[in-house]
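Residue strings, one per chain:
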Protein chains: 2
Amino acid sequence: MRELEERIRLDGQVLAGGILKVDSFVNHQVDAGLMDRCGQELAARFASLGATKVLTAEISGIAPALTTALHLGIPVVYSRKTKPITMPDQVFLTLAPSHTKGRMVELIVSPEYLAHGEKVLIIDDFLASGATILGLVRLAEAAGARIIGVGALIEKTFEGGREALRPVGVPVESLARIASMGEDGIVFAGQ
Amino acid sequence: MRELEERIRLDGQVLAGGILKVDSFVNHQVDAGLMDRCGQELAARFASLGATKVLTAEISGIAPALTTALHLGIPVVYSRKTKPITMPDQVFLTLAPSHTKGRMVELIVSPEYLAHGEKVLIIDDFLASGATILGLVRLAEAAGARIIGVGALIEKTFEGGREALRPVGVPVESLARIASMGEDGIVFAGQ
């Protein structure tokens, strides 16, 4: 998606440790209009697959997942990192490593909102190693739901997430595919 | 807002300790269409005030704040509870008590995205005691920004938040005002 690539080129910052900082339009400050257009594009790419629910991980997955769900006309569920007191005692829980936190975090979903037979579209801000998304896949499978696709705003193709997701056997779409990044700048795949 | 009140009556659950559980459409699972219409309504109520930025608190403020920002055509910033490694060392930080966590949580905003002279509209899911929103007010004031209004999806009028916000001296709007709730059900203000 040209608009997102241009925005990453303009406002993205490559930090040490292979971190792409997009805090000015995705992760801390959110460009609501851009996020809506990204959600519209992701919804269009998966429209034919009949998803019944979007699943994402708090915190930074919420914005793109919400706008995708809006354009598909379905609800979104975001996994929690800590169990709030409103959640039942029995939950679906898995662990995934956090790239930006440097430790394992919990992904928790209430069985109230992820049911057997649902067709789940997973949306997140980044597809890097695929570890968070694979955690969401495990949660959905534990619930007896079926994954129908995986979408991300930004893919770092050099971190192997697409390969890690291959066994899931579903379409994987990302709106901006970064082939390499460093002090020289950001190179998108296919350019 | 009639639609939100009806949804609360239908799907909200009153738990022990004065907790209103709206996890099926606001807090864990999100009804994206409803959230968009709520954002549209909040945007309409504040449209004349010239906000330049929406400010909210992660996690459950993100959805209504994003849709409000979308309809106002401005960005949204959500305060973080932990400082990610992408954030500069010098930040705006304050503490606020969390109703659902039973302890103090940090509200952190990067000075990169909250600047002197900005006109800030604060949006959150709940207006209860007002403690979280007053924390956001302190962050915005520390940044030299001006608060122009406060909006919430659901107000518990019996928890005093509106009175606590009076010294801020800005319009306070909420889409569903709960006057009382208990085993007998939920009573909305003005009904």
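Quick notes on the rules
Residues numbered from 1 in each chain as written. Chains lettered and ligands numbered in written order. Predicted model: local features only at pLDDT ≥ 70, side-chain atom pairs only at ≥ 80, totals over all residues. Heavy atoms only, no water. Least-squares fit on C-alpha atoms with pLDDT ≥ 70 in both. Contact = heavy atoms within 4.5 Å. Core = buried A, V, L, I, M, F, W, Y, C linked by side-chain atoms within 4.5 Å. Buried < 20%, exposed > 50% of the residue type's maximum accessible area, 1.4 Å probe, protein only. Helix = DSSP H or I, 4+ residues; strand = E, 2+ residues; numbered from the N terminus. Expected span 1.5 Å × (residues − 1). Axes fitted to C-alpha atoms, helices over the stretch in contact; angles between N-to-C directions. Parallel < 35°, antiparallel > 145°, perpendicular 65-115°, else oblique. Left-handed = near helix turned anticlockwise from the far one by under 90°. Patch = residues over 30% accessible without salt bridge, like charges linked within 9 Å, V, L, I, M, F, W, Y side chains within 5 Å. Areas by Shrake-Rupley, 256 points an atom, 1.4 Å probe, with all protein chains shown as cover. Salt bridge = Lys/Arg side-chain N within 4 Å of Asp/Glu carboxyl O. Pairing = 2+ DSSP bridges. Buried area = accessible area lost by both parts, 1.4 Å probe. Polar contact = N/O pair within 3.5 Å; in protein donor to acceptor, adjacent residues only side chain to side chain. Nonpolar A, V, L, I, M, F, W, Y, C, P; charged D, E, K, R; others polar. pLDDT = per-residue confidence, 0-100.

Engineer: Give me the relation of the copies chain B and chain A: which residues, what numbers.
Structural biologist: The two copies are related by a screw motion: chain B maps onto chain A through a turn of 180° and a shift of 0.0 Å along the axis, at an RMSD of 0.0 Å. One copy is carried onto the other by what is essentially a two-fold rotation axis. Comparing contact sets, 100% of the residues at the interface of chain B also lie at the interface in chain A, consistent with an isologous, same-surface contact.

Engineer: Outline the nonpolar core, supporting the account with residue identities and numerical values.
Structural biologist: Grouped together as the largest cluster of nonpolar side chains are 72 residues, with contacts concentrated most on Leu4 and Ile8 of chain A together with Leu4 and Ile8 of chain B. Beyond its immediate chain neighbours, meaning those up to four positions away, isoleucine 8 of chain B contacts Leu20, Phe25, Ile154, Ala176, Ile178, Ile186 and Phe188 of chain B.

Engineer: Report on helix α5 (residues 131-142) of chain B, specifying residues and quantitative values.
Structural biologist: All names here are of chain B. Its 12 residues place the ends of α5 17 Å apart at the C-alpha level, agreeing with the 16 Å of an ideal helix rising 1.5 Å per residue. Taken as a whole, α5 has its buried residues at Ala131, Ile133, Gly135, Leu136, Val137, Leu139 and Ala140. Downstream of α5 by a residue or two, glycine 144 has a phi angle that is positive, lying close to 80°.

Engineer: Let's hear about the packing of helix α1 (residues 2-11) of chain A against helix α3 (residues 32-46) of chain A: which residues, and what values?
Structural biologist: Residue and element names in this part refer to chain A. Running from amino to carboxyl end, α1 crosses α3 at an angle of 140°, the nearest separation of the two axes being 10 Å. If you check the angle between α1 and α3, you find them oblique. Read as a crossing pair, α1 and α3 show a hand that is left-handed. Residue-level contacts link Glu3, Leu4 and Arg7 of α1 to Leu34, Arg37 and Cys38 of α3.

Engineer: Lay out a nonpolar patch on the surface in plain terms, naming residues and giving numbers.
Structural biologist: A contiguous nonpolar patch, built from Leu93, Leu95 and Met104 of chain A and spanning about 270 Å² of accessible area, is present on the exposed surface. Inspection of the secondary structure puts leucine 95 of chain A in strand β6 (residues 92-98).

Engineer: Got a sec to walk through the sheet that holds strand β11 (residues 185-188) of chain A? Specific residues and values, please.
Structural biologist: Spatially, the seven strands line up as an open sheet ordered β11(A)-β10(A)-β9(A)-β8(A)-β4(A)-β5(A)-β3(B), and their pairing is mixed. Two strands close off the open sheet at either side, each with one partner strand: β11 of chain A together with β3 (29-30) of chain B. As judged from the four bridges shared by strand β4 (residues 53-57) of chain A and strand β5 (residues 76-79) of chain A, these two strands associate in the parallel manner. Each bridged residue has a counterpart across the sheet, and for alanine 57 of chain A the counterpart in β5 of chain A is serine 79 of chain A.

Engineer: Quick one: what's the story with the interface of chain B and chain A, residue by residue and with numbers?
Structural biologist: Taken residue by residue, the interface counts 42 residues in chain B and 42 residues in chain A. Of all residues in chain B, the largest losses of buried area upon contact with chain A belong to His28, Thr86 and Tyr113 of chain B, amounting jointly to 21% of the total for that side. Counting the contacts that link chain B with chain A gives two salt bridges. The salt bridge partner of glutamate 112 of chain A is lysine 21 of chain B, with a shortest N-O separation of 2.7 Å. The interface formed by chain B and chain A holds 20 residue pairs in polar contact (both at pLDDT 80 or more) in total. Listed by contribution, the elements that provide at least two residues to the side of chain B that touches chain A are β2 (19-21), α2 (23-27), β3, α3 (32-46), α4 (62-72), β5 (76-79) and β7 (103-109) of chain B. Examining the composition of the side of chain B that touches chain A, we find that six residues originate from one element, α4 of chain B, more than from any other. For the side of chain B that touches chain A, the class distribution of residues is 22 nonpolar, 12 polar and eight charged.

Engineer: With reference to specific residues and values, describe the confidence of the model for chain A.
Structural biologist: Mean pLDDT over chain A stands at 96; residues scoring 70 or higher make up 99%. Here the prediction assigns the complex a pTM of 0.97, and the interface score ipTM is 0.96.

Engineer: Tell me about unusual backbone geometry, and name the residues and values.
Structural biologist: Note the cis peptide between glutamate 58 of chain A and isoleucine 59 of chain A, where omega equals 10°. With respect to the element layout, isoleucine 59 of chain A can be found in the loop between β4 and α4 (62-72).

Engineer: Run through the side chain of serine 79 of chain B, naming residues and quoting values.
Structural biologist: Among the secondary structure elements, serine 79 of chain B is positioned in strand β5. Among the residues examined, serine 79 of chain B registers a relative accessible area of 1% and is labelled buried. Excluding anything up to four places from it in sequence, serine 79 of chain B contacts His28 of chain A together with Thr56, Ala57, Glu58, Leu107, Ile108, Val109, Leu136 and Leu139 of chain B.

Engineer: Tell me about the pairing of strand β11 (residues 185-188) of chain B, and please be specific about residues and values.
Structural biologist: All names here are of chain B. By the bridge criterion, four bridges tie strand β10 (residues 172-182) to β11 in an arrangement that is antiparallel. Looking at the pairing, serine 180 lines up with valine 187 of β11. Linking β10 back to β11 in an antiparallel pair, the connection comprises two residues.

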